[in-house]
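Read off the chains here:
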Amino acid sequence: NAGVTQTPKFRILKIGQSMTLQCTQDMNHNYMYWYRQDPGMGLKLIYYSVGAGITDKGEVPNGYNVSRSTTEDFPLRLELAAPSQTSVYFCASSFDRATGRNEKLFFGSGTQLSVL
Amino acid sequence: AQSVTQLDSHVSVSEGTPVLLRCNYSSSYSPSLFWYVQHPNKGLQLLLKYTSAATLVKGINGFEAEFKKSETSFHLTKPSAHMSDAAEYFCVVRGNTGTASKLTFGTGTRLQVTL
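Residues numbered from 1 in each chain as written. Chains lettered and ligands numbered in written order. Predicted model: local features only at pLDDT ≥ 70, side-chain atom pairs only at ≥ 80, totals over all residues. Heavy atoms only, no water.

Computed from the structure, the largest pocket encloses a volume of approximately 520 Å³. In this structure, the largest pocket is lined by 24 residues; those nearest its centre are Gln37(A), Val88(A), Phe90(A), Gln38(B) and Asn41(B). Looking at the lining of the largest pocket, the elements that each hand over two or more residues are β9 (87-94) and β11 (111-115) of chain A together with β10 (87-94) of chain B. (1 Å grid on protein atoms, 1.4 Å probe; cavity = no way out; pocket = protein on both sides within 12 Å on 5 of 7 lines; lining within 4 Å. Points joined across faces, edges and corners; volume = space filled by probe spheres on them. Helix = DSSP H or I, 4+ residues; strand = E, 2+ residues; numbered from the N terminus.)

Residues and elements named next belong to chain A. Strand order across the open sheet formed by four strands is β1-β3-β8-β7, with antiparallel pairing between neighbours. With one partner strand each, in any of the chains shown, β1 (4-7) and β7 (64-66) form the two edges of the open sheet. Pairwise comparison of adjacent strand axes, ignoring direction, gives a mean angle of 20° for this sheet. Of the strand pairs in this sheet, strand β3 (residues 19-25) and strand β8 (residues 76-78) are connected by three bridges, and their pairing is antiparallel. Residue pairing in the sheet places Met19 in a bridge with Leu78 of β8. (Pairing = 2+ DSSP bridges. Axes fitted to C-alpha atoms, helices over the stretch in contact; angles between N-to-C directions.)

Moving on: the state of the cysteines. Residues and elements named next belong to chain A. Applying the stated criterion across every chain, the model contains two disulfides over all chains. Between the sulfur atoms of Cys23 and its disulfide partner Cys91 the distance amounts to 1.8 Å. Judged by the torsion about the S-S bond (-70°), the Cys23/Cys91 disulfide is left-handed. Placement of the pair is Cys23 in strand β3 and Cys91 in strand β9, with a sequence separation of 68 residues. With respect to class, Cys23 is no different from Cys91; both count as buried. (Disulfide = S-S within 2.5 Å. Buried < 20%, exposed > 50% of the residue type's maximum accessible area, 1.4 Å probe, protein only.)

Our focus in this paragraph is the pairing of β10(B). Residues and elements named next belong to chain B. The buried count for β10 comes to eight of eight residues, which makes it a mostly enclosed element. Alternating residues of β10 divide into Ala87, Tyr89, Cys91 and Val93 and Glu88, Phe90, Val92 and Arg94, and every residue in both groups is buried. Of the strand pairs in this sheet, strand β5 (residues 32-38) and β10 are connected by seven bridges, and their pairing is antiparallel. Residue Leu33 lies in a different strand from β10, and its bridge partner there is Val93. Alignment of β10 against strand β12 (residues 109-114), held across three bridges, turns out to be antiparallel.

The following block contains the structure:
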């Protein structure tokens, strides 16, 4: 059982480049999330999804896009990378189908992105 | 509206001594509260959670936290620190809105454990 898998682990982009951060989970969770973590700050929610075909903005969505075509995958796209997007990105999933509760988040190991 | 304040950005303890990581919360609703731990270069892992049941919550690795409504606090404690406890700890609050999208993370407390 792999849990939540993120790729790549590290990436350096030039300003204006685009890229997709991949996230997949094998726990059949219907909730998935993207967070960014900046030094000295808590995690900020970028986008989330409550199920395949449904996505919604979080706290800091500008400059990002997401899609959710399957239960397992939730990629995050940066269209025009900017230095302000230098951060560590975490994908997470949740949902306990037995109880209907979605409180426990399972996190991937993160993607460290630098935009220069 | 909800918020969480971790009162210390850095805590240093000796191995074998008690750990106290402080967290105060603010919430318009009856909150759910969590502590997550992040080891270097890893994702966050749930330590424990409070969801309006017992006010003293026991988590993994010997950690526990007590919900005190009168003090709006949810401090994390452990009787005896171990070297492996060195990590970043996040206090998290969720308002009673029914979706995990409403989680608010604290800024984190880095725990250092020395010999």
